[in-house]
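# What the coordinates show
Chain residues, written in single-letter form:
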Amino acid sequence: MGSDEAPADRLRKFVRTVLAHRNGGGGVRHDAGRAREVYQSSTMGALIEGVYDGDVSVGHLLEHGDFGLGTFNHLDGEMLVLDGVCYHLRADGSVETAGRGDLSPFAAMTWFTPEITEEITAPMTRAEVIALVDDLARSPNLIYAIRITGRFGEIRTRTVRRQEPPYPPLTEAAEGQAETDFTDLEGTLAGYRTPDYEQGISVAGYHLHFIDASHEHGGHCLDFRVEHGTVALGERSELHLSLPTTQQFLSSDLTPGNLTDQIRRAEGG
């Protein structure tokens, strides 16, 4: 069958389709396999050992999801990805939009489509929210992407500062970090609940970053109290692990004997 479209119009339509697929839209984003997957670059064990320079760009990460967290090269602040926008959460509590060419030594991404939602209608502490999510989750042996949006009475964050070579291990880099307390503000907590058996590959348990509704302040979440809001969970059963090929990663000893303790210290747990 013929078409009344001009060649230039057909070309523009083709380019839009290709870009949609490259950016995770269209069939790629809604592919059943991708919907179950968490794409992760490097490991938490490597980050603990001071492997702070990666070879994965923000642009590449956004091809694997519209939701996630991580950090930037030189351990320069925290990363939070929401609705396809990558935010750079800096050590002073401020927020910038990251450039697509910015590099990351560690990040975990997914396409966020929640299977489970629950309204929070009364104030809840971090421990109470964790108990709620544990109850909502089908199994402790699967990964859950978590997004909590609402009003927070209190939230305490900590954000890593940029490091310079020779890099110290993460437990040392985390010492002396400034903590920031926020009160009575709208915002979003986002991250993952990861099975215990993934410790060292990822952060076992809960790993959450925060950004306020104006996208001006945020950081790695240490504690919080939510007044009201919505908890949304996306169940994930596949992990795509992409390892760096940088010289630092290739030559590092990634088998420390006290990894769990080091991760807890570094994450503020």
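Further up the page is the structure itself.
This write-up is about the structure you can find in this document. Within every chain, residues take consecutive numbers counted from 1 along the sequence as written. Totals for whole chains, interfaces and linings use all residues, but because this is a predicted model, local features are given only for residues with pLDDT of at least 70 and pairs of side-chain atoms are given and counted only at 80 or more. Each side-chain value is worked out from all heavy atoms of the structure, with water and hydrogens disregarded.

### Comments concerning the environment of Glu 115
Per the convention used, a helix needs a DSSP run of H or I reaching at least four residues, while a strand needs a run of E reaching at least two, with both numbered from the N terminus. Looking at where Glu 115 falls in the secondary structure, it is placed in the loop between β8 (106-110) and β9 (116-120). Sequence spacing of Glu 115 and Glu 235 is 120 residues, and the spatial spacing of their C-alpha atoms is 6.9 Å. In contact with Glu 115, not counting residues within four places along its chain, are Leu 233, Gly 234, Glu 235 and Arg 236. A distance of 2.6 Å separates the side chain of Glu 115 from the backbone nitrogen of Glu 235, its partner in a polar contact. For this analysis, residues touch if any pair of their heavy atoms sits within 4.5 Å. Polar contact is defined as a pair of N or O atoms within 3.5 Å, subject to the rule that within protein one atom must be able to donate a hydrogen and the other to accept it, and that residues adjacent in sequence are counted only when both atoms are side-chain atoms.

### Remarks on the packing of aromatic side chains
In summary, the pairing rule links any two rings of Phe, Tyr or Trp, Trp by its six-membered ring, whose centres are within 6.5 Å, and it sorts them by plane angle into stacked for under 30 degrees, edge-to-face for over 60 and tilted for everything else. For the structure shown, the criterion picks out six aromatic pairs. Residues Tyr 52 and Tyr 167 carry aromatic rings whose centres are separated by 5.0 Å and whose planes lie at 55° to one another, so their mutual orientation is tilted. Of this pair, Tyr 52 sits in the loop between α4 (44-48) and β2 (56-57) while Tyr 167 is found in the loop between β11 (143-158) and α7 (170-173), placing the two residues 115 residues apart along the sequence. The two residues Tyr 52 and Tyr 167 agree in class, both being buried. Geometrically, the ring pair formed by Phe 152 and Phe 224 is edge-to-face, given 6.1 Å between the ring centres and 75° between the ring planes. Pair noted here: Phe 152 is in strand β11 and Phe 224 is in strand β14 (residues 218-236), with a separation of 72 residues, a long-range link. Across the pair, Phe 224 and Phe 152 agree in class, each one buried. By way of ring pairs, the aromatic residues Phe 152, Phe 182, Phe 210 and Phe 224 are connected into one cluster. Burial classes: relative accessible area under 20% of the type maximum marks a residue as buried, over 50% as exposed, and values in between as partly exposed (1.4 Å probe, protein chains only).

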